[in-house]
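Coordinates in review
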Amino acid sequence: MSWGRTSLGGQERAEVMELIEELVSTYGEGHAVWMTQEMLRAVSQGPLAERLAEATGIAGDGPSGEDLTPDPSGKQEKCTWCVTEEDLPEVTPELVLESEVKPRSYRVHLPGPGSFRCSETELGFEVRAAVTVQYGYGSWDWHLSAAEKQQWMVAGPLFNIRVKPAVAVAAVHLPHFLCLAGTANKSSSDAVLSQMRIAHFVDGRMTLEEPTQVRPFHAVLENPSFSFIGVLWKPIYAVFPFIPIHSVVLIYQVVKAAAITLHLYLIPNDRSLIQAVEEEEKKHQSIQVLKPPQTKPLYFGSCYTVCSSLDLEEVDFRYMSPEDQQPFMEIYTKDMREGLKLIVLMKRYGEVVWKVLSDAEAVVSAADAHLLLTQGEYLALNRLEDPEIRVATLIDMVLSKGDQAHQLFLDCLRNLFFTFPALEPIVTGLQTGFHADVAIPRPGAQTGGPASAEGEHFVDRHRAELIQRVSMVDGVLDMLCGTVLDNEQYQSIRAERSNPEKMRKLYELMPSWNRVCKDRLYHSLKAKHKFLIEELEGK
């Protein structure tokens, strides 16, 4: 078949229309267009993919035309397609070490009616009265027969749950890793949900129940009985043979290796599997590489290509029981000075499903994960296009939060060391500044910098020129909103009619600013008016 402007005969046209109708009816318009675009890009037909989007009026970025990029707030943790659940209150359970032979379990006691979600397993409960709940992971391999494995697909961890008194539990929320938004179409979604079951195992026999409610990441069962219990799904090959799986990439560095050796795991987002990988790597004294693990949803049975700056390997994505050795790819290098670049692609279509962050992105994400940034600060940082300015602004933010935040930030940067060696000067500077209270070198700092030798700040020295010559004031204000400016100040300045009037209004606030606020204005100006700032710095 030619990808050009070829006329189709009557029979060919009918076959194409039938294929299109089948795609749309099964996956919905947005997902069907997205799938078609990915196939076009895989055969180097990017322009045709864009024309398809223009012709249909559908963005085609994902199910229902949704953008597949992560939530800019950084708070969407599990899936780029699914909406975030309204969580139950999180509780840290008591760890019960029963014996060396029996695996560990968790215990929570609630003194009265309420609900909770376990921070370790994501298992949730709604209870009517005081209750003690003890639970641990079980093995699907030990409970499913060979025939049942052919018929059913594991869709989440298996739990062994004990409750006293059992009647106190009104509902249990069992985690699953099916990406339900991947269906995109209501009829297909209903068909998928109709095949989800809660499996119970008693005396070697499996019984199945329909969940009372299915949420993006949990299946809810009201008035449950307890035994070994978990979520299964029956593939519907005639309607929906594959379903996307919420998945993660885990990377561990083997500390005892002669050179730098990394283990990369590609697994379903299942806490029992993540815990199994963690325990296995701890035996070898490996340490986890700090990075956001979530991928785009993946498909069981598909092959994924892992591309590093040094090598290229393929890995089959499949479910393996927690007691089995989880497959991993070994990445080996002697020289990390340039940093290790990693990308995971779906082999068939060449779609990027995960990639390692740049140095600047990794630092900002690490600071956000350690709760060192407000949502406004995180958004403001990600508006800065220059990575050096982004990191320098982040350092200013952290330094303004006191010694405790400074030390926590320093600790998380040390964990990024072996993946991003370019961070070493920043860590060295932070260590010097923390212990000796001296100035910390900023990446990309130029001679003169924001402050002159006399101590006068750049934005004070060049007040007149900046008021008259800054033309992208709104962009500068966007970067300052949430960090230097509150929403009321931001709206007030934006309301001024001309750029010089906006800059004068901004300068009216400056007497109340500290050095950090002025530095942020300087970096925002440099991001939007690079050549103007360089000209003024040269005077």
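Report follows, based on the coordinates. Computed from a prediction, not measured in an experiment: that's the story for all the values here.

1. Points about the overall build of the protein chain
- Secondary structure summary: the protein chain contains 19 helices and 22 strands in total.
- Considering the protein chain as a whole, with its 539 residues, one finds that 50% of them fall into the buried category.
- When contacts within the protein chain are restricted to residue pairs at least 6 apart in sequence, those whose partners lie at least 24 apart make up 67%.
- For the protein chain, the exposed surface amounts to about 26,700 Å²; the carbon and sulfur share of it is 51%.

2. Here's the deal with the nonpolar core
- In this structure, Phe125, Tyr135, Ile161 and Tyr304 are the most contacted members of the largest nonpolar core, which totals 81 residues.
- In terms of residues, this core owes the most to one element, strand E16 (residues 260–268), which gives six residues.
- Excluding residues that lie within four positions of it along the chain, tyrosine 135 makes contacts with Pro93, Ser105, Tyr106, Val108, Phe116, Cys118, Thr121, Leu123, Phe125, Asn160 and Ile161.
- Counting residues in hydrophobic clusters, the runner-up holds 26 residues, among them Val470, Leu485, Tyr490 and Tyr507.

3. Focus on the pattern of salt bridges
- Tallying each qualifying case throughout the model produces 15 salt bridges.
- With its nearest N and O atoms 3.1 Å apart, the salt bridge here joins arginine 271 to glutamate 122. Residue arginine 271 is located in helix H7 (residues 271–283), and its partner glutamate 122 is located in the loop between strand E4 (114–118) and strand E5 (124–127); the two are separated by 149 residues in the primary sequence.
- Here arginine 271 falls in the partly exposed class, since its relative accessible area comes to 26%.
- Take glutamate 122: its relative accessible area is 10%, and that puts it in the buried class.

4. A short note on empty space enclosed by the protein
- A complete count under the given rule lists five cavities of 30 Å³ or more for this structure.
- Around the largest cavity, the lining residues are Lys78, Thr121, Glu122, Pro157, Pro175, His176, Phe217, Asn269, Asp270 and Arg271.
- The residue inventory of the lining of the largest cavity, partitioned by class, reads three nonpolar, three polar and four charged.
- In this model, the second largest cavity occupies a volume close to 50 Å³.
- Taken together, Ala380, Leu381, Leu384, Thr393, Met397, Met479, Leu480, Thr483, Arg520 and Ser524 form the lining of the second largest cavity.
- Taken together, the residues of the lining of the second largest cavity break down into six nonpolar, three polar and one charged.

5. Remarks on the pairing of strand E3 (residues 105–110)
- Pairing of strand E2 (residues 94–96) with E3 involves three bridges; the strand directions are antiparallel. Residue pairing for E3: leucine 95 is matched across the bridge by tyrosine 106.
- Bridging between E3 and strand E6 (residues 131–137) involves five bridges; their strand directions are antiparallel. By the bridge assignment for E6, histidine 109 is matched with threonine 132.

6. As for the sheet that holds strand E1 (residues 90–91)
- Spatial ordering of the open sheet is given by E1-E4-E5-E9-E13-E12, a layout of six strands whose pairing is mixed. Only two strands of the sheet have a single neighbouring strand rather than two, namely E1 and strand E12 (213–214).
- Here E12 pairs with strand E13 (residues 218–222) via two bridges, running antiparallel. Among the inter-strand pairings, valine 214 is bridged to a residue of E13, identified as alanine 219.

7. Brief notes about the packing of helix H15 (residues 473–480) against helix H16 (residues 487–494)
- Running from amino to carboxyl end, H15 crosses H16 at an angle of 175 degrees, the nearest separation of the two axes being 10 Å. Relative to H16, H15 is oriented roughly antiparallel. Residues Asp474, Leu477 and Asp478 of H15 form the contact with H16, whose own contacting residues are Tyr490, Ile493 and Arg494.
- Considering only residue class, the contact of H15 with H16 consists of three nonpolar, no polar and three charged.

8. Observations concerning the environment of proline 111
- With respect to the secondary-structure elements, proline 111 resides in the loop between E3 and E4.
- Proline 111 gets classed as exposed once you look at its relative accessible area, which sits at 72%.
- Placed 19 residues apart in sequence, proline 111 and alanine 130 show a C-alpha to C-alpha distance of 4.5 Å.

9. Things to note about the sheet that holds strand E18 (residues 303–308)
- A sheet is described by the order of its strands in space; here four strands give the open sequence E19-E18-E21-E22, paired in antiparallel fashion. The open sheet has two free edges, formed respectively by strand E19 (312–316) and strand E22 (351–355), since each of these has just one partner strand. Strand after strand, the sheet turns through a mean of 30 degrees between neighbouring axes, direction not considered.
- Pairing of E18 with E19, which is carried by five bridges, proceeds in the antiparallel orientation. Within E19, the residue paired with cysteine 303 across the bridge is aspartate 316.

10. Considering the side chain of histidine 176
- Mapped onto the elements, histidine 176 comes out in the loop between strand E9 (169–175) and helix H6 (186–194).
- Looking at histidine 176, the relative accessible area reads 4%, which means it is buried.
- A polar side-chain atom of histidine 176 sits 3.1 Å from the main-chain amide nitrogen of leucine 178.
- Within polar-contact distance, the side chain of histidine 176 engages the backbone nitrogen of histidine 218 at 3.5 Å.

11. Some points on the environment of aspartate 141
- Within the element layout of this structure, aspartate 141 appears in helix H4 (residues 140–143).
- Sequence-wise, aspartate 141 and methionine 320 are 179 residues apart; in three dimensions their C-alpha atoms are separated by 9.0 Å.
- Apart from the residues lying within four places of it in its own chain, the contact partners of aspartate 141 are Lys149, Ser321, Glu323 and Asp324.
- Of note is the side chain of aspartate 141, whose polar atom sits 3.2 Å from the side chain of lysine 149.

Reading the values: the criteria
- Residues numbered from 1 in each chain as written.
- Predicted model: local features only at pLDDT ≥ 70, side-chain atom pairs only at ≥ 80, totals over all residues.
- Heavy atoms only, no water.
- Helix = DSSP H or I, 4+ residues; strand = E, 2+ residues; numbered from the N terminus.
- Buried < 20%, exposed > 50% of the residue type's maximum accessible area, 1.4 Å probe, protein only.
- Contact = heavy atoms within 4.5 Å.
- Areas by Shrake-Rupley, 256 points an atom, 1.4 Å probe, with all protein chains shown as cover.
- Core = buried A, V, L, I, M, F, W, Y, C linked by side-chain atoms within 4.5 Å.
- Salt bridge = Lys/Arg side-chain N within 4 Å of Asp/Glu carboxyl O.
- 1 Å grid on protein atoms, 1.4 Å probe; cavity = no way out; pocket = protein on both sides within 12 Å on 5 of 7 lines; lining within 4 Å.
- Points joined across faces, edges and corners; volume = space filled by probe spheres on them.
- Nonpolar A, V, L, I, M, F, W, Y, C, P; charged D, E, K, R; others polar.
- Pairing = 2+ DSSP bridges.
- Axes fitted to C-alpha atoms, helices over the stretch in contact; angles between N-to-C directions.
- Parallel < 35°, antiparallel > 145°, perpendicular 65-115°, else oblique.
- Polar contact = N/O pair within 3.5 Å; in protein donor to acceptor, adjacent residues only side chain to side chain.

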